[in-house]
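Breakdown of the fold
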2 protein chains.
Amino acid sequence: MLDTLFNHRSIRKYKPDPVPEDVLVNILAAGVRASTTGNMQVYSIVVTKDSELKKQLWEAHFKQDMVLQAPVVLTFCADFNRFSKWCEWRKAHPGYRNFLSFFTAAIDALLAAQNVALAAEDHGLGICYLGTTTYMAEKIIEILDLPELVVPVTTLVTGYPDESPGLTDRLPLEGVVHQEIYRDYKRNDIDRIYAGKEALEETKKLLEINNKETLAQVFTDNRYTKKDNVFFSREFLKVIEKQGFRKDEGEL
Amino acid sequence: MLDTLFNHRSIRKYKPDPVPEDVLVNILAAGVRASTTGNMQVYSIVVTKDSELKKQLWEAHFKQDMVLQAPVVLTFCADFNRFSKWCEWRKAHPGYRNFLSFFTAAIDALLAAQNVALAAEDHGLGICYLGTTTYMAEKIIEILDLPELVVPVTTLVTGYPDESPGLTDRLPLEGVVHQEIYRDYKRNDIDRIYAGKEALEETKKLLEINNKETLAQVFTDNRYTKKDNVFFSREFLKVIEKQGFRKDEGEL
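Here the structure is a predicted model, which is why all the values come from computation and not from measurement.

Details of unusual backbone geometry
Residues and elements named next belong to chain A. Of note in the backbone geometry, Asp145 takes a positive phi value of approximately 60 degrees without being a glycine. Structurally, Asp145 is set in the loop between helix 8 (137–144) and strand 4 (150–159). For Asn211, which is not glycine, the phi dihedral falls at a positive 55 degrees. With respect to the helices and strands, Asn211 occurs in the loop between helix 11 (201–210) and helix 12 (215–223).

So, the interface of chain B and chain A
Each partner contributes residues to the interface: chain B has 99 residues there, and chain A has 98 residues. No other element matches helix 6 (residues 99–122) of chain B, which puts 13 residues into the side of chain B that touches chain A. Of the residues assigned to the side of chain B that touches chain A, the class counts are 51 nonpolar, 29 polar and 19 charged. Direction of pairing for strand 5 (residues 177–179) of chain A relative to strand 1 (residues 43–48) of chain B: parallel, over a ladder of three bridges. Looking at the pairing, Val177 of chain A lines up with Ile45 of chain B of strand 1 of chain B.

Points about the packing of helix 6 (residues 99–122) of chain A against helix 6 of chain B
Running from amino to carboxyl end, helix 6 of chain A crosses helix 6 of chain B at an angle of 55 degrees, the nearest separation of the two axes being 9 Å. Judged by the angle between their axes, helix 6 of chain A and helix 6 of chain B are oblique. Crossing angle aside, the handedness with which helix 6 of chain A passes helix 6 of chain B is right-handed. Touching Ile107, Leu110, Leu111, Gln114, Asn115 and Leu118 of chain A of helix 6 of chain A are Ile107, Leu110, Leu111, Gln114, Asn115 and Leu118 of chain B, all from helix 6 of chain B. A class-by-class count of the residues in the contact of helix 6 of chain A with helix 6 of chain B yields eight nonpolar, four polar and no charged.

Some words on the nonpolar core
Ala109, Leu110 and Val116 of chain A together with Ala109, Leu110 and Val116 of chain B are the most contacted members of the largest nonpolar core, which has 166 residues in total. Both domains that meet at this core, namely domain 1 (2–165 + 235–250) and domain 2 (173–223) of chain B, each give it at least three residues. Filtering out sequence-adjacent residues up to four positions away, Val116 of chain B remains in contact with Ile27, Leu28, Ala30, Gly31, Leu74 and Leu156 of chain B.

A look at the sheet that holds strand 2 (residues 72–79) of chain B
What links the strands of a sheet is backbone hydrogen bonding, and the strands pair in either a parallel or an antiparallel sense. Pairing is mixed across the open sheet formed by five strands, whose spatial order is 5(A)-1(B)-2(B)-4(B)-3(B). The outermost strands of the open sheet, each flanked by one partner alone, are strand 5 of chain A together with strand 3 (126–129) of chain B. Mean inter-strand twist for the sheet, computed between neighbouring axes without regard to direction, equals 25 degrees. Pairing geometry for strand 3 of chain B and strand 4 (residues 150–159) of chain B, over four bridges, is antiparallel.

Cut-offs used in this document
- Residues numbered from 1 in each chain as written.
- Chains lettered and ligands numbered in written order.
- Predicted model: local features only at pLDDT ≥ 70, side-chain atom pairs only at ≥ 80, totals over all residues.
- Helix = DSSP H or I, 4+ residues; strand = E, 2+ residues; numbered from the N terminus.
- Contact = placed C-beta atoms within 7 Å.
- Nonpolar A, V, L, I, M, F, W, Y, C, P; charged D, E, K, R; others polar.
- Pairing = 2+ DSSP bridges.
- Axes fitted to C-alpha atoms, helices over the stretch in contact; angles between N-to-C directions.
- Parallel < 35°, antiparallel > 145°, perpendicular 65-115°, else oblique.
- Left-handed = near helix turned anticlockwise from the far one by under 90°.
- Core = buried A, V, L, I, M, F, W, Y, C linked by C-beta atoms within 7 Å.
- Buried ≥ 20, exposed ≤ 12 C-beta atoms within 10 Å, placed from the backbone.
- Domains from an automatic or database assignment.

The structure is reproduced here in structure tokens:
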């Protein structure tokens, strides 16, 4: 278990070999054992293997090749649709068309996703999360035919790895852990915490390729720009509303 | 690994024995190996053991006894503060005061939390997630002194279990998994998926105790009511805004 946790690498190149059905069922079964709010299981997992559908998802996910290559694409959705239907058909009045319920369901979906990721890795499969899921939620909703009260929050691709990358660097533990309460970062804390990352050979290459003075500029100017973040914030908030997760809020 | 995934139980009663420091460091180190967006690690983990602080957190978390009992309380926060400070001190212009960045950071925090939960269980510790974190985010921010761009999204209590509950029921796998695209639920699907849960002895007891006709009513009328959900939606959205995660959106 601990080995699996400590040996995680994101895999971006996959062999064409399919994932055996019993393995896939086992990793999904591991997913549903994750903690879930009030045991409501307010999430759904869409398993996509069909090449035509995967092609559509690949386009939605900024044409990242691994979406086409990996035999299985798993879309994890915050889902209060199933639970609300159950309520309605059981003489109960569901009250889950609101932001808190969306967020609760997103938590459920993400904990299940991480269980699935770890179970997959334990079976020798590789995985990679697709952060593009929230950016392109509207398109994914169309492709997967997601109804009201269902919003995709993350995606995992999985299959047999066709690369074996090294372990990715992480900040020192003291950089992300706070004792008792939050101690805000002073300039010398930031210098110390990021020193290792900034000294990496990989960082030097990135600065050259991107023609930047600092690694932080690669993030702010190229990878995660304010302009994109603001644009996709609006898109994602629109999707949350469109899928019905704000309807109650005007009412009470 | 798979054993740990399949044997998860939430533990709500704890022995007073402390968690050895090396074990705690190991489970936190497992946490930071989780996938993280662009390797930004936009989360923080606040480790609270002090009994006075735990008492304050216990009050925030609806006075659930396990918060006092468990020797360690771990608050997982979406955190773009550290990353933004790094950007500012590296001649870069951070653009993370927006909803998408909040949600990205929340994903990071939740994946790390699930790694920590599993590592803890692998060490023989018990864990329980506290859903009250989002409800009471403002109070938790005060207690833990969380600065702008830091929002608590979930909490884990951990320690040595003083109970050994059975495995909790789950919906059948086909109830939460969709093949290729989402297939919406018809009445007979819902009947089939929820049949097992509704037939449980535990469900019958709940109906009696709560004097309800259906289990769904226990959820809608008592546990997760529309009124509470709407109230806490507004509170949580206010917190996200107050912590600075909507500032960019008016700008571009």
